[in-house]
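Summary of structural features
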Amino acid sequence: MRVVVLGIGNIILSDEGVGVRAAEALEATYELPDYVEVIDGGTAGMELLGPLSGVDLLLVLDAVTAGGAPGTIVKLAGSEVPVFFRSKLSPHQVSICDVLAGLEFSGELPRDLVLIGVEPESMELGLELTPTVAARLPEMAAMAAAELNARGVAVKEKPACA
């Protein structure tokens, strides 16, 4: 089984970097099997086609603008994750949807797909997440772990340091 957790976002634009930070939180908090690859996709676009080709499960962590209040967590799975957007959920110029469209075109679309995102509060220049969005990181990591477990990927919380 090939599983990829992809954290995407621009970490110098405040909440836009939440996907990268959520992927880091997942790795810091949970023990992941060796076959789970966590990728810091940053602001990468079509260069992700190779690493995402033919994966069994793709779990995307990102900032999403879907019209909710800042800090609202959004989860889409399977066919709920649109491949071709008329308007993009993500603020990226080349979005994950563009990458998925490329993967579909090449016949390499992931067999299963989950998107966990959070509504940003600020996209202003800054290295820190807003407190509203930063407070959601543990929940995003826990949701990601639960999604992996639900799909047969054994993930467990790391023991607390003594």
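Residues numbered from 1 in each chain as written. Predicted model: local features only at pLDDT ≥ 70, side-chain atom pairs only at ≥ 80, totals over all residues. Heavy atoms only, no water.

1. Comments concerning the sheet that holds strand E5 (residues 73-77)
Strand order in this open sheet of five strands is E3-E1-E4-E6-E5, and the pairing throughout is mixed. Of all strands in the sheet, those bounded by a partner on one side alone are strand E3 (36-42) and E5. Neighbour to neighbour, the strand axes of the sheet diverge by 15 degrees on average, direction disregarded. As defined by bridge partners, strand E1 (residues 3-8) adjoins strand E4 (residues 57-63) across five bridges and the pair is classed as parallel. Each bridged residue has a counterpart across the sheet, and for leucine 6 the counterpart in E4 is valine 60. Helix-sheet contacts for helix H5 (residues 137-150) involve E1, E4, E5 and strand E6 (112-118), and the interaxial angle to E6 is about 170 degrees. (Pairing = 2+ DSSP bridges. Helix = DSSP H or I, 4+ residues; strand = E, 2+ residues; numbered from the N terminus. Axes fitted to C-alpha atoms, helices over the stretch in contact; angles between N-to-C directions. Contact = heavy atoms within 4.5 Å.)

2. Remarks on the side chain of glutamate 147
Relative to the elements of secondary structure, glutamate 147 occurs in helix H5. Each residue touching glutamate 147, except ones within four places of it in the same chain, is listed here: Lys75, Val114 and Ile116.

3. With respect to the pairing of E4
Where burial is concerned, most of E4 is hidden: seven out of the seven residues are buried. Along E4, one buried face is formed by Leu57, Leu59, Leu61 and Ala63 and the opposite face, lined by Leu58, Val60 and Asp62, is buried too. Taken together, the seven bridges between E4 and E6 define a ladder with parallel strand orientation. In the strand pairing of E6, valine 60 is matched with leucine 115. (Buried < 20%, exposed > 50% of the residue type's maximum accessible area, 1.4 Å probe, protein only.)

4. A few points about helix H3 (residues 96-105)
Of all 10 residues in H3, seven are buried, a share of seventy percent or more. As for H3, its buried residues are in contact with E1, helix H2 (49-52), E4 and E6. Two residues or fewer past H3, glycine 107 is found with a positive phi of approximately 75 degrees.

5. A closer look at the environment of valine 55
Note that valine 55 resides in the loop between H2 and E4. In this structure valine 55 comes out as buried when scored by relative accessible area, which is 1%. Between the C-alpha atom of valine 55 and that of arginine 151, which follows or precedes it by 96 residues, the distance is 14 Å. Dropping the residues within four chain positions of it, valine 55 is found in contact with Arg2, Val4, Pro110 and Arg111.

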